[in-house]
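The lines below spell out each chain.
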Amino acid sequence: MKKLLLSLAAFALCAAPSCSSDDNTPGGGPNNNNPVTEGELRIPVTVEVEQGVGTVGYASTVAEIDGQAILDFFGLTPEEFYTAMGELNGEDAVNGNSSQSENTLEFGTYYEGVYTFKPQSAGNLGHWFKKNGDFSFWTDTDHYFFIESWSYWGAEGKEEPDFSYDDMWFFGVGFEPGVYDMNEGDEVKATQIIYESQTDKTVFIEWTIKIVGFVDPEAGEYNAADRKVGATELTVSKTLSVSEYPDYEGLVIPADDIQSILQLTKFQISNLENVYETVTDEEGNEVQGALISGLDAVALNADGEPIGQTAGGIVGNWLNKEGVSTTWLAEDSVLCIELQSDPTTFQTHVCIQPENSSLAGEESAGTAVDAAIGSTITYKIRLTYIPEEGADPTVVNITYEITLA
C-alpha cells in the first residue's frame, strides 16, 4: 500500500460505501441537492499553461495551493492530514481502480451541484476532467485535462512525505496529447474537494487553467531565434543579513535573466533532459563525456576549473569564508548557494549555516558565520545549454558576490 499525498492533485480517492466507479453517482459526501454553505473553505487557483501539442500533452505545469489554510481549516498538522487521507488500494491507475481506505478525509470533485467521490482517475492522487470541468476517467473518450499530485508523482520511490511542508501542496495540470483545440487566452475550469464528514467541512480547490501559449515538439525550439548563442557574463551581488535570514530558509533571488538568455519556456524548464556522450577512461570504464543536448551546470574554483557539487539544486555548494567549497555542517561552513529550477523558473537560493546546526545529534560549530560577517564570498558557476544535438551552445557564466552583514 502507498500513502497518499495531496500535492499536484491528480488522483482521486474514495472510501465511502456509496462510491461508484461505474457512473457519476455521488459518494457519501455533502448533499448534492443542498451544496455546502457553512463549514467551507474556497481556494481559487489560476494556472497559466503552455498547452502541449502532440506528444508533449502529458507534461505538467505546476501551481502551489495554500496548504496552511487547509491545515488550519481542518485543525490538522501536516502529519495528521497525511494520515487522514488514508491509503491507496489498487494499482490500476490508468483505469481508475485505486481507491482510498482508512481515511477520514475524502478527496473528490464538484461540478454543477454534484459532489463525486471516485477511485483516482489520473494515477496516484488526482483526476481527469472533461473540457467542461466534469469528472472523467482517462478511458473515457471525452477526457481532456488532468490535475495531479506533483510531489508524489515526481519523487521516484518516495513512500513517505517530507514534512518540510513545502512539497505537499504542489499541483500540476496537463492535457491529453493531441488535444490542442483551444486558443491563447482560453480557459478551462475544474473544482476538486476535500471533505470531512464528521464536521461537515469541505475545501473547494477552484482551478482556472488559462492557455498562454503552445509547445510543439515538431516545430523546433520555442523562441529559438532569440536564444543568445555564445557566452554571457552575469554578476549577482547581494547583501545577506544574518539577523534577517538566520537559518536554512535563507534568501531566494529570482533568476529571470537566465531564462531570457536561454529563451526557455516554463514547460521546457520543467522538462529538461540532458544527453551526454559516453566515453571510455584509461581503465576501460565507460564514463560520462561532453554534453550533447540539455542544460549542464558546474561550479568553478578560483582557477576556473570544475569542482564537485556539495549542495542541492541544478548546481550548488557550501562555502567557507574564503569562498572555497566545503560540506554541510563542516566547522568552516558559512554559506550555501544553489541555482534551482523550482520547477518552472530559475532562482538562486542563498542561506547561512545556522549556529549549532545538528544532524543525527552531531553539532557543528556554526560560529564560522560570525567570523565571516563583513566578508564578501565569491562563487562561480557555468551553465551550458544545447537545445538539440549539433546546435550551437549558449554559455552563461555567473559570478555570485554575497556580502554577509
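Model, not experiment: these values are computed from the prediction.

The next subject is the overall build of the protein. Broken down by element type, the protein carries 6 helices and 26 strands. Going through the 405 residues of the protein one by one, you find that 50% of them count as buried. Here the analysis covers contacts within the protein between residues at least 6 apart in sequence; of these, 66% occur between residues at least 24 apart. In the structure as shown, the protein presents an accessible area of about 18,700 Å², 45% of it carried by carbon and sulfur atoms.

Further remarks concern the sheet that holds strand 22 (residues 346–352). As summarised here, the arrangement of the 5 strands in space is 15-22-21-19-20, forming an open sheet in which the pairing is antiparallel. Each having just a single partner strand, strand 15 (251–254) and strand 20 (325–326) make up the two edges of the open sheet. Bridging between strand 19 (residues 315–319) and strand 21 (residues 335–341) involves 5 bridges; their strand directions are antiparallel. Residue pairing in the sheet places Val315 in a bridge with Leu339 of strand 21.

What follows covers the pairing of strand 19. For strand 19, the tally of buried residues reaches 5 of 5 residues, placing the bulk of the element in the interior. Across the two faces of strand 19 the burial is the same, with Val315, Asn317 and Leu319 and Gly316 and Trp318 all buried. Where strand 19 lies against strand 20, 2 bridges are found, and the strand directions are antiparallel. Bridging across to strand 20, Trp318 finds its partner in Thr326.

The next subject is the confidence of the model for the protein. The share of residues in the protein with pLDDT of 70 or more is 71%, and the mean pLDDT across the chain is 76. For the protein, per-element mean pLDDT is lowest for strand 1 (residues 2–3), which scores 28, and highest for strand 25 (residues 376–386), which scores 96. The low-confidence segment residues 1–37, where pLDDT is below 50, has 160 contacts with residues more than four positions distant or belonging to other chains. This model gives residues 151–166 a pLDDT under 50, and the stretch forms 31 contacts once residues within four places in sequence are excluded.

The next point concerns helix 1 (residues 67–74). Restricting attention to buried positions, one finds in helix 1 the residues Gly67, Ile70, Leu71, Phe73 and Phe74. Considered in projection along helix 1, the buried side chains sweep an arc of 160° and stay on one side of the axis. Where helix 1 terminates, the next one or two residues include Gly75, which has phi positive at roughly 70°.

Next up on the list: the packing of aromatic side chains. One pass over the full model with this rule turns up 13 aromatic pairs. Look at Tyr110 and Phe204: their rings are 5.6 Å apart centre to centre, the planes differ by 90°, and that puts the pair in the edge-to-face class. Taken together, the residues span a long stretch of sequence, with Tyr110 in strand 6 (residues 106–111) and Phe204 in strand 13 (residues 201–215) at a distance of 94 residues. Pair check on accessibility: Tyr110 and Phe204 agree, each one buried. Relative to Phe145, the ring of Tyr144 has its centre 6.4 Å away and its plane inclined at 85°; by these criteria the two rings are edge-to-face. One exposure class covers both Tyr144 and Phe145, and it is buried.

With that settled, consider the pattern of salt bridges. On inspection of all chains with the given rule, the structure shows 5 salt bridges. Across the pair Arg42 and Glu40 runs a salt bridge whose closest N-O atoms are separated by 2.8 Å. When its relative accessible area of 39% is taken as the criterion, Arg42 is described as partly exposed. What makes Glu40 partly exposed here is its relative accessible area of 25%. The salt bridge partner of Lys130 is Asp134, with a shortest N-O separation of 4.0 Å. The buried category is assigned to Asp134, whose relative accessible area is 14%. Members of the salt-bridge network, linked through shared partners, are Glu40, Arg42 and Glu206.

What counts and what doesn't
- Residues numbered from 1 in each chain as written.
- Predicted model: local features only at pLDDT ≥ 70, side-chain atom pairs only at ≥ 80, totals over all residues.
- Heavy atoms only, no water.
- Helix = DSSP H or I, 4+ residues; strand = E, 2+ residues; numbered from the N terminus.
- Buried < 20%, exposed > 50% of the residue type's maximum accessible area, 1.4 Å probe, protein only.
- Contact = heavy atoms within 4.5 Å.
- Areas by Shrake-Rupley, 256 points an atom, 1.4 Å probe, with all protein chains shown as cover.
- Pairing = 2+ DSSP bridges.
- pLDDT = per-residue confidence, 0-100.
- Arc of directions from axis to C-beta.
- Phe/Tyr/Trp six-rings, centres within 6.5 Å; stacked < 30°, edge-to-face > 60°.
- Salt bridge = Lys/Arg side-chain N within 4 Å of Asp/Glu carboxyl O.

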